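Residues per chain are reported as follows:
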Amino acid sequence: MNQHFGSARAFAIYSVGVDASRLLSVCEFSDISEEDNEDRLPVKIEQLSGCAAIYCRACGASAVRQLLAQGIQPVRVTDEASIDELLTALQEELRAGPSSWLAKAIQRQKLGPTAFDSMEAEGWDE
């Protein structure tokens, strides 16, 4: 979270709920150079599959478009922000009522890519 998305050397992926959060995994990327950041975006975005957001110091326009296309909201943070502070703030937001981007992300997670398959199987139609 304290790096530019394209040049990030690792991602820490957390599960966050109203009452608790926990580290799920850490994805590390080796041999990152400034010249090939654009080529590495698909690999990085793939590692974030299922995530609602990515917290980072900065994110280029191309990465923002690709992240949003996958339903991942980029969130800009300051250099001073800590993971613990951000997790606490996110939990407080969940308790108080999520902002528009978070509410949309929650809805996407609930629905998922196959949300309407069961409805179709039951005979529902447009």
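Definitions and limits used
Residues numbered from 1 in each chain as written. Predicted model: local features only at pLDDT ≥ 70, side-chain atom pairs only at ≥ 80, totals over all residues. Heavy atoms only, no water. Phe/Tyr/Trp six-rings, centres within 6.5 Å; stacked < 30°, edge-to-face > 60°. Buried < 20%, exposed > 50% of the residue type's maximum accessible area, 1.4 Å probe, protein only. Helix = DSSP H or I, 4+ residues; strand = E, 2+ residues; numbered from the N terminus. Lys NZ or Arg CZ within 6 Å of the ring centre and 35° of its normal.

Engineer: How do you make sense of the packing of aromatic side chains when you look at a structure like this?
Structural biologist: For any pair of aromatic rings, the description consists of the separation of the ring centres together with the inter-plane angle of the planes. Tallying each qualifying case throughout the model produces two aromatic pairs. Here the aromatic rings of Phe 5 and Phe 11 are separated by 5.5 Å at their centres, their planes lie at 15 degrees, and the arrangement is stacked. Of the residues examined, Phe 11 reaches a relative accessible area of 6% and is grouped as buried. An angle of 75 degrees between the planes, with centres 5.2 Å apart, marks the rings of Phe 11 and Phe 29 as edge-to-face. Placement of Phe 11 in strand β1 (residues 10-16) and of Phe 29 in the loop between β2 (21-28) and α1 (37-47) is noted, with a sequence separation of 18 residues between them. The same class applies to Phe 11 as to Phe 29, namely buried. Three or more aromatic residues link up through ring pairs in this structure, and these residues are Phe 5, Phe 11 and Phe 29. Residue placement shows Lys 44 over the ring face of Phe 29; its charged tip is 5.3 Å from the ring centre.

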